[in-house]
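# Survey of secondary and tertiary structure
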Amino acid sequence: MILEERPDGAGAGEESPRLQGCDSLMQMQCGQLQSRRARIHQQIDKELQMRTGAENLYRATSNNRVRETVALELSYVNSNLQLLKEELEELSGGVDPGQHGSEAVTVPMIPLGLKETKELDWSTPLKELISVHFGEDGASYEAEIRELEALRQAMRTPSRNEAGLELLTAYYNQLCFLDARFLTPARSLGLFFHWYDSLTGVPAQQRALAFEKGSVLFNIGALHTQIGARQNRSCAEGAHRAVEAFQRAAGTFSLLRENFSHAPSPDMSPASLCALEQLMMAQAQECVFEGLSPPASMAPQDCLAQLRLAQEAAQVAAEYRLVHQTMAQPPVHDYMPVSWTALVHVKAEYFRSLAHYHVAMALCDGSPTEGELPTHEQVFLQPPTSCKPQGPVLPQELEERRQLGKAHLKRAILGQEEALRLHALCRVLREVDLLRAVVAQTLQRSLAKYAELDREDDFCETAEAPDIQPKTHQKPEARTPRLSPGKGPDIFHRLGPLSVFSAKNRWRLVGPVHLTRGDSGFGLTLRGDSPVLIAAVIPGSQAAAAGLKEGDYIVSVNGQPCRWWRHAEVVAELKAAGEAGASLQVVSVLPSSRLPTLGDRRPALLGPRGLLSSQREHGCKTPASTWASPRPLLSWSRKAQQGKPGGCSQPRAPVKPALPSSSKCPGWL
């Protein structure tokens, strides 16, 4: 979302356009679902704190009676945690309540729930940093801090549409600005960013801004899954929108996996993100299949169309089989909802049976000519014992085609019955009547067609139907989310351009200096825009006498802030000064010896790669959980982001910035 740059002080007291994607009322079922998730997260947090205290007491005491009592209490706490996690799993594994209703029955999708977070007070650390490092009154930036806090509060409940995505993206971009302006390898903001795991509900908190950025990026991907799940996929247009949404979700999780490391929560671990990426690509492939097969427009006699649908369904089944294998392996199996794994397994069996059903329809009802038939190898997988190419896909004799059609229908029926059996084994899926209705409806069609082909005098043994060759005309690809880090409006732009006015640089404020015009002018040369640089000073001139030096940046002219002025504007203001002269205020960039420190009593020391050397000694707390990372800090990998359009560009100004390039150099003033 590209917004116009607001002037200094504008927008105070007005609602920012960045908040338009916030559903402040949390409408209807979406709001109720999110409120239930927040309540469960709070209860899980409370139980984890109780378990941590009980475990500490158990290790500290030597009294056997106390140890027995504590052990009994721990069993109750663990039981409560298990029940809460099962309740959270039911919310995550259920059908999306906002899914678009239609007359056509479609298979439900898996949307991800958003990560929950607690409120955050930006005021104290930002005001202190602005006062200490930037030398300005932190209280004068109260409006900007309130805007940042309002933006963060709004992104906690985004609407499930493009406006909600723009809201999350706007906050993510502001985090990139904060990272570039206020953070250095030796300084953090001193804030604890607290987020709940989307899959397990386990809380985690860290002082790294990268954790906040990664969590927001995860929510962007999760919101894409919710948008895709609620599309009306019974029409081609809705299926196309769902494909786009799931591709964006896969691209977001891929970006998060490649650029962030050492996540403190299971949902952002590389293994989990890889599984989620595969799941989104499989769901996108399913939407491609649904966009090709509107029931009303399909003629059963269209043999080639039925064969294409069979191969598309086989492709979907192959994708879901890979996802199921990933979900069934540790460590993903330990924290991925069981209902998701069961649903993926059901879909793999269902679409494999659907492929055999469409081949049977092509064999029994189709009437193609010889020239239209694809070869056997293009549709069917060859048996392991077969080494010779087989002829056309359809037998020429009607009876042979009927027998082969029965064989495919038999495999279709067996697969659909297996899908129903797997559906019945999962308690959460048993409550999803829509899924059972889809599979049962397809099974009834298969049984009816098999009864139509079956004859009383048919004593021939049914041959084994070969597997279907997976093939698709549209292979989904992961697409990078529409992020624009470093672009758009910067809430704290009044502090000045990032190339100079950031915590990575040190400077000294000089002035105001009164500068008068001599016989040869002011005796200085200006260059560049935003801010304008003093490129040269004539020795013995009025500028030299006033203490101005080469390399200083002009930040104020006659009491007017000019950090964002262009070269021509500063020159015009100086030329307009009469005999009385002009009042200038400049900043001189200092060498990087030691950055001024904040009033943080527990500074977070970071290494060369930006990782906390010791989480315990620097106050980074992560409540006890069933999953722990050996390196619990989430960090941004600059090596991985090189050359990636979706990566966040982190500008790093040198100690003494180079002269701003500009063709405008009017000579001596």
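An unreviewed UniProt entry annotates the chain as Rhophilin Rho GTPase binding protein 1 of Macaca nemestrina.

## Quick notes on the pattern of salt bridges
In this structure the tally under the stated criterion is 20 salt bridges. Among the ionic pairs, Glu212 bridges to Arg152, the shortest N-O distance being 2.8 Å. Of the two residues, Glu212 is situated in helix H6 (residues 209–229) and Arg152 in helix H4 (residues 142–155); the sequence distance between them amounts to 60 residues. On the accessibility criterion, Arg152 (3% relative accessible area) is buried. For Glu244, the salt bridge is made with Arg248, and the minimal N-O distance between the two is 2.8 Å. Taken together, the residues Glu244 and Arg248, both in helix H7 (residues 236–259) and four residues apart, mark about one turn of the helix. Under the relative-accessibility criterion, Glu244 is labelled buried at 18%. Where salt bridges share partners, they join Glu244, Arg248, Arg479 and Arg482 into one cluster.

## Some details on the packing of helix H8 (residues 270–292) against helix H9 (residues 303–327)
Relative orientation of the contacting elements H8 and H9 amounts to 165°, with a least axis distance of 9 Å. Compared by their axis directions, H8 and H9 come out roughly antiparallel. Considering the relative orientation of H8 and H9, their crossing is left-handed. On H9, the residues that touch Ala275, Gln278, Leu279, Ala282, Gln283, Gln285, Glu286, Val288, Phe289 and Leu292 of H8 are Leu309, Glu312, Ala313, Gln315, Val316, Glu319, Tyr320, Leu322, Val323, Thr326 and Met327. When the residues that make up the contact of H8 with H9 are grouped by side-chain class, the tally is 13 nonpolar, five polar and three charged.

## Some details on the packing of aromatic side chains
Geometrically, a pair of aromatic rings is defined through the distance of the ring centres and the angle of the planes. For the coordinates displayed, the defined rule picks out seven aromatic pairs. Note on Phe134 and Phe182: the rings are 5.7 Å apart at their centroids and 70° apart in plane angle, and the pair reads as edge-to-face. Of this pair, Phe134 sits in the loop between helix H3 (123–132) and H4 while Phe182 sits in helix H5 (residues 162–182), and the two are 48 residues apart along the sequence. With respect to burial, Phe134 and Phe182 carry one shared label: buried. For the ring pair Tyr320 and Phe351, a centre distance of 6.3 Å and an interplane angle of 15° mean the geometry is stacked. Of the two residues, Tyr320 is situated in helix H9 and Phe351 in helix H11 (residues 338–365); the sequence distance between them amounts to 31 residues. We classify Tyr320 as buried; its relative accessible area is 1%. Positioned above the aromatic ring of Phe218, the side-chain terminus of Lys115 is 5.7 Å from the ring centre. Sitting over the face of the ring of Tyr141, Arg494 holds its NZ or CZ atom 4.2 Å from the ring centroid.

## Thoughts on the packing of H7 against H8
At a minimum axis distance of 8 Å, the contact between H7 and H8 shows a crossing angle of 165°. The orientation of H7 relative to H8 falls into the category roughly antiparallel. In the crossing of H7 with H8, the sense of the turn from one axis to the other is left-handed. Between H7 and H8, the contacting residues are Ala236, Ala239, Ala242, Val243, Phe246, Gln247, Ala249, Ala250, Phe253, Ser254, Leu256 and Arg257 on the first element and Pro270, Leu273, Cys274, Leu276, Glu277, Met280, Met281, Gln283, Ala284, Cys287, Val288 and Gly291 on the second. Among the residues making up the contact of H7 with H8, the classes are represented as 18 nonpolar, four polar and two charged.

Definitions and limits used
Residue positions are counted from 1 within each chain, in the order its sequence is given. Predicted model: local features are reported for residues with pLDDT of at least 70 only, side-chain atom pairs are reported and counted for 80 or more only, and whole-chain, interface and lining totals are derived from all residues. Note that the side-chain values use all heavy atoms of the structure and ignore hydrogens as well as water. Any carboxyl oxygen of Asp or Glu that lies within 4 Å of a side-chain nitrogen of Lys or Arg is treated as forming a salt bridge with it. Secondary structure elements are taken from DSSP: a helix is a run of H or I of four residues or more, a strand is a run of E of two residues or more, and numbering for both begins at the N terminus. Three exposure classes are used, based on accessible area relative to the maximum for each residue type with a 1.4 Å probe and protein chains only: buried under 20%, partly exposed in between, and exposed over 50%. Inter-axis angles, ranging from 0 to 180 degrees, are taken between N-to-C directions of lines fitted to C-alpha atoms, where helices are fitted over the stretch in contact. By definition in this entry, angles of less than 35 degrees are roughly parallel, angles greater than 145 are roughly antiparallel, angles of 65 to 115 are roughly perpendicular, and the rest are oblique. Two helices crossing with the near one rotated counterclockwise from the far one by less than a right angle form a left-handed crossing, whereas a clockwise rotation gives a right-handed crossing. For this analysis, residues touch if any pair of their heavy atoms sits within 4.5 Å. Here the term charged refers only to Asp, Glu, Lys and Arg, the term nonpolar to Ala, Val, Leu, Ile, Met, Phe, Trp, Tyr, Cys and Pro, and the term polar to all other amino acids, Gly among them. Side-chain rings of Phe, Tyr and Trp, where Trp is taken by its six-membered ring, are said to pair if the distance between their centres is within 6.5 Å; with planes under 30 degrees apart they count as stacked, over 60 as edge-to-face, and otherwise as tilted. Geometrically, a lysine NZ or arginine CZ counts as sitting over a ring once it is within 6 Å of the ring centre and also within 35 degrees of the ring normal.

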